[in-house]
Amino acid sequence: MSVDALASFEAKWSQAQPELPLALRFAEDSVRPFISAFACLSNEIASAAFLIVEVEVAASKLHWWAEELTGLSNGSSRHPLTQILSRFEPIRSVDTKEWALVISGAFDQRAAKPAATLDNLRDSYLSLLQPLAGIETRFSSQLDSLAMAEAAALSRLFHETIRLTDLLASDRLPLPLALLAKHQLSREDLAQSGESRNLALAEHFSALAARFDAVDRSSLSPLAAIRLNADMRRSRRAAAAADPLAESTRQRDRLPLSAVWTGWRAARRMHTSG
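Computed from a predicted structure; not experimentally measured. (Residues numbered from 1 in each chain as written. Predicted model: local features only at pLDDT ≥ 70, side-chain atom pairs only at ≥ 80, totals over all residues. Heavy atoms only, no water.)

(A) Focus on the overall build of the chain. Within the chain one finds 16 helices and zero strands. Whereas a compact globule of 274 residues would reach a radius of gyration of roughly 19 Å, the chain reaches 18 Å, a difference of no more than 12%. Its C-alpha atoms give the chain principal-axis dimensions of roughly 55 × 40 × 30 Å. Counting over 274 residues, the chain shows a buried share of 49%. Taking contacts inside the chain between residues at least 6 apart in sequence as the whole, the part at least 24 apart equals 69%. Accessible surface for the chain amounts to roughly 12,600 Å². Of this, 52% is attributable to carbon and sulfur atoms. Mean positive and mean negative side-chain charge positions of the chain (31 and 32 charges, respectively) differ by 4 Å. (Helix = DSSP H or I, 4+ residues; strand = E, 2+ residues; numbered from the N terminus. Rg over C-alpha atoms; globule rule 2.2 N^0.38 Å. Buried < 20%, exposed > 50% of the residue type's maximum accessible area, 1.4 Å probe, protein only. Contact = heavy atoms within 4.5 Å. Areas by Shrake-Rupley, 256 points an atom, 1.4 Å probe, with all protein chains shown as cover. Lys, Arg positive; Asp, Glu negative; His and termini not counted. Charge placed at Lys NZ, Arg CZ, Asp CG, Glu CD.)

In structure tokens form, the structure reads like this:
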């Protein structure tokens, strides 16, 4: 895989996730291409699981990735990202059953039903994010898959919430039913800004901020730590705003200065532990 090819994937995902280029600055040169390729691969799979609207297109892409990941360990991969990962022994040696769990978890997202509680909603995301986190721990013995998956699930909760309008249009619900019941909101009510919706969203973002704060940061990768730091602050701002949904999307392409310090500390732990 050429440097230009990898750079094109980094550019694609950096537009949506400013955490990625910052995190890659902290990666050691010897493993940077592999960390980048895995992050971009994870985003490609997550895109098919969460972002692609057309059911047939998403299913076709996930089936293709299932075949591609099966071939990663035996040298028959064709995609630029899996080709570079096949040159990194810790990832090349991942059992095909672990990759199968990733694809199965991605399909679970396409079939997900409305969740009763915030815990149920988080757990539905974990079916994809837990196996991905387990694979990512190959990059360092310092990483903990449970903490990594929890941080990723909370970030997914945040980013699915800010897509509320689009998801409602595609008959998906990124908020727990218990929250709607508490504030006496219907799906139709959620589609329009109003005091009741704003109160419900403020409560939701406040709950997310508290959960972000409780995650063990000592066992996160730089990317996960930076994302957690940024999304926690975004959640806090949204929870305190008069219009939480509008605030949650404001300045999404900017990171707080604290994210730099967070990423540096996470990288130092990984480099020290190996």
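(B) Summary view of unusual backbone geometry. The phi angle at Asp171 is positive, at roughly 65 degrees, despite the residue not being glycine. Here Asp171 shows up in the loop between α10 (164-169) and α11 (177-182). Phi angles above zero are rare outside glycine, and Gln184 is one such case at about 55 degrees. Here Gln184 lies in the loop between α11 and α12 (187-190). Take Gln184: its relative accessible area is 73%, and that puts it in the exposed class.

(C) Region of interest: the packing of aromatic side chains. Scanning the entire structure with this criterion turns up seven aromatic pairs. Seen in terms of ring centroids, Phe34 and Phe88 are 4.6 Å apart; in terms of plane orientation they differ by 20 degrees. Their pairing is stacked. Taken as a pair, Phe34 in helix α3 (residues 32-51) and Phe88 in the loop between α5 (80-85) and α6 (89-92) lie far apart in primary sequence, 54 residues in all. We note that Phe34, like Phe88, is buried. Note on Phe38 and Phe139: the rings are 5.8 Å apart at their centroids and 65 degrees apart in plane angle, and the pair reads as edge-to-face. A residue pair is termed long-range when its members are at least 10 positions apart, and Phe38 in helix α3 and Phe139 in the loop between α8 (118-136) and α9 (145-161) qualify at 101 residues. On the accessibility criterion, Phe38 (3% relative accessible area) is buried. Classification of Phe139 by relative accessible area gives buried; the value is 15%. Here the aromatic residues Phe34, Phe38, Phe88 and Phe139 are joined through ring pairs into a cluster of three or more. A cation over an aromatic ring shows up here: Arg156 above the ring of Phe50, its NZ or CZ 4.1 Å from the ring centre. (Phe/Tyr/Trp six-rings, centres within 6.5 Å; stacked < 30°, edge-to-face > 60°. Lys NZ or Arg CZ within 6 Å of the ring centre and 35° of its normal.)

Purely geometric numbers; function is a separate question.
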